[in-house]
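Spelled out, the chains give:
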Number of protein chains: 2
Amino acid sequence: MIGLWLQDLGLSLRKDLPVPEPSEREALIKIDLAGICGTDLELLRGYYPFTGTPGHEFVGRVVAAPGAPGLVGQRVTGEITIACGECDSCRRGLQKHCLHSRTLGIRDYPGVFAEYCLLPVANLHRVPSSVSDEQAVFTEPLAAALEILDQVHILPTDRVAVIGAGRLGLLAAWCLSLTSCQLSVVARHQPSRDILKQWGVQAIDADQMASTSYDVVVEATGSADGLKMAANVVRPRGVIVLKSTYQGDITFNISAMVVNEVTLVGSRCGPFDGALRLLDSQRPDLSAMIAGIYPLEQGLAAFDLARQRGVLKVLVQPGDAQGAGFKGR
Amino acid sequence: MIGLWLQDLGLSLRKDLPVPEPSEREALIKIDLAGICGTDLELLRGYYPFTGTPGHEFVGRVVAAPGAPGLVGQRVTGEITIACGECDSCRRGLQKHCLHSRTLGIRDYPGVFAEYCLLPVANLHRVPSSVSDEQAVFTEPLAAALEILDQVHILPTDRVAVIGAGRLGLLAAWCLSLTSCQLSVVARHQPSRDILKQWGVQAIDADQMASTSYDVVVEATGSADGLKMAANVVRPRGVIVLKSTYQGDITFNISAMVVNEVTLVGSRCGPFDGALRLLDSQRPDLSAMIAGIYPLEQGLAAFDLARQRGVLKVLVQPGDAQGAGFKGR
């Protein structure tokens, strides 16, 4: 089959990959649409030493499931952590934090920038028929954004800031807007500002933030500067949600966190079922975030576009190569 | 009056200090007993550029209160933040986080290593008659330790570790033991281990901690190493309570906090009323923490003792110089 292949920080297109064979616990999925995420770009920069097919945001159809034949034909998306089911975390019900986890397209498990992928049946979620492929492919990052609402109790009276309006910052902003909080998003690039405007969310410049005034600040830049800014604008006893990973160690004044009794909440993957329900019930217009849809054969070009500053979601579409074509906006 | 005086990082004993005059909102307090805290030692190292009488842990008697004459004669202790009452934080009820605060013996307000001090009447708490001076002088640090229970919901089934068994670590351990959680305290020095044993709390070595296994970790060392250790032993989705300030910036791997969805809670001052109720009802034996009681005239020697490694609480006692004497253990 055709698929992208990451090795020694180099990405290539391969046409000789074997179609993987599902075990009794796994399903074989034919990928309909896959999304490029910041983590994929970081893998290419060496964030984690992964060799294989990257990619973890997808929607597809089950084509084989030896242990659960009823799933065949279902349109699905899936959780990205492959849990061992036996460690302390798994026994606590924290499979997402399995101590021996593999991660779809990130660690020790091949990903979705290919014609087919595997996933444990336990990881799959059916996609409601009302949700299009172009919406369903956002399930994983939308779930990650939704995790904020799981972790922090946000009131309609809260002043909330999101720093950074990239892929995840925008989805965080959309989720936060559901709480009716007083929301401001620091957005630098015009495409993101346009989308926020369309969603009725206030976009501001960094220098429009007032110091020590936000109840909750979501840091979605993944930069030391973003974290510093968050620390400056959060109110005493407020909450900073860390929504991005950072390259290497970060140096900062943690004493200020103690003196101001600020809480830092690390936030990662979230509830797929909730994200799918929201896609079904709220019908967010996420299509404006799609900067381009590339056939899998042009996957390298898709990555080139995704790397550009200010570019939001780039999708990759396996399938009939004749039919597929560049659908970039 | 006699008092200690901090200037240009040097501490001296002065006998020419004027007895301060209370405003309509303040009380004049005759100090019975005052405690040396880690923050006092940090002030001497330049943590904050303070000139004046340091000290903020005390018990004393009100000798004048122009606006509240009924207080005269009462035995009191007091909250250390002098709030403006008008800023955003004060209007939110977060006077401890007043944006224009002064702090008793730490910032812009003279402290308690003297025969007399002032405090706003609103800051005072009466000490129950059952609580001795030697217990009451622990009210402020005990309240700070108690703040942990205010901020984190700790269950009897939780595994909790305290890293560091200095003054604050020990008090944190005592407060945590009230929750019946499964508690381990990393303690290096024998005096602290002896006290923990007396309280029925398990003392362990750093290398006895299991990785990713504690629901809550209280970092009470104020060192980068302590924070690193806390990050290693907290479980995914667990909580690290930061109970100490740190000198300068700290460099650490904040991505691990994100990936493991760890929450960092900055924790500082706590509830005085609660601390006094516990001193009254639970009668903790804190006397073992007292390494020495020095008359105010020997305040410099008291600081010399407090600076030594493994030494816990050193108290300073103004009052009749003839009667007072070294009561060190």
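One numbering rule holds for all chains: residues counted from 1, following each sequence as written. For naming, the first written chain is A and the first written ligand is 1, with later ones following in the order written. Note on the predicted model: pLDDT of at least 70 is required for a residue's local features to be given, and 80 or more for side-chain atom pairs to be given and counted; whole-chain, interface and lining totals, by contrast, use all residues. As a convention, hydrogens and water are excluded, and side-chain values are obtained from all of the structure's heavy atoms.

## With respect to the overall build of chain A
Okay, step 1: A count of helices and strands for chain A gives 10 helices and 18 strands.
Okay, step 2: Here the C-alpha atoms of chain A give a radius of gyration of 20 Å, agreeing with the 20 Å that 2.2 N^0.38 yields for 329 residues.
Okay, step 3: Principal-axis analysis of the C-alpha atoms places the extent of chain A at approximately 55 × 45 × 40 Å.
Okay, step 4: Accessible area is worked out with a 1.4 Å probe on protein chains only. A residue is then buried under 20% of its type maximum, exposed over 50%, and partly exposed in between. For chain A, the residues scored as buried account for 56% of the 329 residues in total.
Okay, step 5: We call two residues in contact when some of their heavy atoms are within 4.5 Å. Contacts in chain A between residues at least 24 apart in sequence constitute 66% of all its contacts with a sequence separation of at least 6.
Okay, step 6: If you sum the accessible surface of chain A, you get close to 13,200 Å²; carbon and sulfur atoms cover 47% of it.
Okay, step 7: Positive and negative side-chain charges of chain A, numbering 30 and 34 respectively, have mean locations separated by a distance of 3 Å. Only DSSP runs of H or I reaching four residues or more are called helices, and only runs of E reaching two or more are called strands; each is numbered from the N terminus. For this measure, only C-alpha atoms enter the radius of gyration; the expected value for a globule follows 2.2 Å times N^0.38, where N is the number of residues. Surface accessibility follows the Shrake-Rupley procedure with a 1.4 Å probe radius. Residue values consider only the protein chains on display as shielding. Only four residue types enter the charge count, namely Lys and Arg as positive and Asp and Glu as negative; His and the chain termini do not. Think of each charge as sitting on NZ of Lys, CZ of Arg, CG of Asp or CD of Glu.

## Looking at the domain arrangement of chain A
Residue and element names in this part refer to chain A.
Okay, step 1: An automatic or database domain assignment is the source of the domain bounds shown. Domain annotation for chain A reports domain 1 (3-138 + 286-317) and domain 2 (142-266).
Okay, step 2: Each partner contributes residues to the interface: domain 1 has 17 residues there, and domain 2 has 16 residues.
Okay, step 3: Buried area: the accessible surface (1.4 Å probe) lost by two parts on joining, summed over both. Interface of domain 1 and domain 2: buried area, both sides summed, is about 1,300 Å²; carbon and sulfur atoms make up 58% of it.
Okay, step 4: A per-residue breakdown of the area domain 1 buries against domain 2 is headed by Leu-286, Met-289 and Leu-312, which together make up 36% of the total.
Okay, step 5: Definition used for salt bridges: Asp or Glu carboxyl oxygen within 4 Å of a side-chain nitrogen of Lys or Arg. Our count for the domain 1 to domain 2 interface comes out at one salt bridge.
Okay, step 6: Each polar contact in these results corresponds to two N or O atoms within 3.5 Å; when the atoms are within protein, one needs to be able to donate a hydrogen and the other to accept it, and residues that are neighboring in sequence are counted only if both atoms are side-chain atoms. Linking domain 1 to domain 2 there are four residue pairs in polar contact (both at pLDDT 80 or more).
Okay, step 7: In terms of residue count, helix α1 (residues 38-44) provides more of the side of domain 1 that touches domain 2 than any other element does, three residues in total.
Okay, step 8: Amino acids are sorted into nonpolar (Ala, Val, Leu, Ile, Met, Phe, Trp, Tyr, Cys and Pro), charged (Asp, Glu, Lys and Arg) and polar (every other residue, Gly among them). Its residues assigned to classes, the side of domain 1 that touches domain 2 shows 10 nonpolar, two polar and five charged.

## Here's the deal with the pattern of salt bridges
Two side chains bearing opposite charge may form a pair once their charged atoms approach each other closely.
Okay, step 1: Considering all chains together, one arrives at 24 salt bridges over all chains under this definition.
Okay, step 2: As a salt-bridge pair, Arg235(A) and Asp215(A) come within 2.5 Å of each other at their nearest N and O atoms. Residue Arg235(A) is located in strand β14 (residues 234-242), and its partner Asp215(A) is located in strand β13 (residues 214-219); the two are separated by 20 residues in the primary sequence.
Okay, step 3: The class of Asp215(A) is buried, set by a relative accessible area of 7%.
Okay, step 4: Asp215(A) is paired through a salt bridge with Arg92(B); the nearest N and O atoms lie 3.1 Å apart.

## Examining the packing of helix α4 (residues 139-151) of chain A against helix α5 (residues 167-177) of chain A
Residues and elements named next belong to chain A.
Okay, step 1: The angle between two axes is taken between their N-to-C directions and runs from 0 to 180 degrees, where each axis is a line fitted to C-alpha atoms and a helix contributes only its stretch in contact. It is the contact of α4 with α5, at a shortest axis distance of 8 Å, that shows an interaxial angle of 50 degrees. On the basis of their axis angle, the class for α4 and α5 is oblique. Every pair of crossing elements has a handedness; the one defined by α4 and α5 is right-handed. Contacts between α4 and α5 pair Pro-141, Leu-142, Ala-144, Ala-145, Leu-146, Ile-148 and Leu-149 from the former with Leu-168, Leu-171, Ala-172, Trp-174, Cys-175 and Leu-176 from the latter.
Okay, step 2: Classifying every residue of the contact of α4 with α5 gives 13 nonpolar, no polar and no charged. Comment on the angle field: the value is read as roughly parallel under 35 degrees, roughly antiparallel over 145, roughly perpendicular from 65 to 115, and oblique elsewhere. Each helix crossing is assigned a hand: it is left-handed if the near helix lies turned anticlockwise from the far helix by less than a right angle, otherwise right-handed if that turn is clockwise.

## Things to note about the relation of the copies chain A and chain B
Okay, step 1: Here the copies were fitted onto each other by least squares, based on C-alpha atoms from residues at pLDDT of at least 70 in both. Under the fitted operation, chain A is carried onto chain B by 0.0 Å of movement along the axis and a turn of 180 degrees, and the coordinates agree to an RMSD of 0.0 Å. The symmetry that links the two subunits is that of a two-fold axis. It is Thr251(A) whose C-alpha, among those of chain A, lies nearest the rotation axis, at 2.0 Å.
Okay, step 2: Mapped onto chain B, 100% of the interface residues of chain A again fall at the interface, so both copies present the same surface.

## Remarks on the sheet that holds strand β11 (residues 182-186) of chain A
Okay, step 1: An order of β12(A)-β11(A)-β10(A)-β13(A)-β14(A)-β16(A)-β16(B)-β14(B)-β13(B)-β10(B)-β11(B)-β12(B) is seen for the 12 strands of this open sheet, with the pairing classed as mixed. One side of each edge strand has no neighbouring strand; the edge strands of this open sheet are β12 (202-204) of chain A together with β12 (202-204) of chain B. Across the sheet, the mean angle separating the axes of adjacent strands is 20 degrees when strand polarity is ignored.
Okay, step 2: Paired strands, in this sense, are two strands between which DSSP finds at least two bridges. As paired strands, strand β10 (residues 159-163) of chain A and β11(A) are joined by five bridges and run parallel to one another.

## Let's talk about the packing of aromatic side chains
All names here are of chain A.
Okay, step 1: Stacked, tilted and edge-to-face are the three classes assigned to paired rings of Phe, Tyr and Trp, where Trp is represented by its six-membered ring and a pair needs centres within 6.5 Å; plane angles under 30 degrees give stacked, over 60 edge-to-face, the rest tilted. Scanning the model with the defined rule gives three aromatic pairs over all chains in all.
Okay, step 2: Residues Phe-113 and Phe-303 carry aromatic rings whose centres are separated by 5.5 Å and whose planes lie at 85 degrees to one another, so their mutual orientation is edge-to-face. Of this pair, Phe-113 sits in the loop between β7 (102-103) and β8 (116-120) while Phe-303 sits in helix α10 (residues 299-306), and the two are 190 residues apart along the sequence.
Okay, step 3: Phe-303 gets classed as buried once you look at its relative accessible area, which sits at 0%.
Okay, step 4: In this arrangement the basic side chain of Arg-159 is found over the ring face of Tyr-214, its NZ or CZ atom lying 5.1 Å from the centre. Remark: a charge is flagged as sitting over a ring if the NZ atom of Lys or the CZ atom of Arg is within 6 Å of the ring centre and within 35 degrees of the ring normal.

## Some words on the nonpolar core
Okay, step 1: Counting residues in hydrophobic clusters, the biggest one holds 50 residues, and the most contacted among them are Leu176(B), Leu183(B), Leu196(B) and Trp199(B).
Okay, step 2: Per-element accounting of this core gives the leading share, seven residues, to helix α5 (residues 167-177) of chain B.
Okay, step 3: Viewed by domain, this core spans two of them, domain 1 (3-138 + 286-317) and domain 2 (142-266) of chain B, each represented by three or more residues.
Okay, step 4: Residue types Ala, Val, Leu, Ile, Met, Phe, Trp, Tyr and Cys, when buried and joined through side-chain atoms within 4.5 Å, form a set referred to as a nonpolar core. Counting 49 residues, the second-largest nonpolar core is a separate cluster that includes Leu183(A), Ile195(A), Phe272(A) and Ala288(A).

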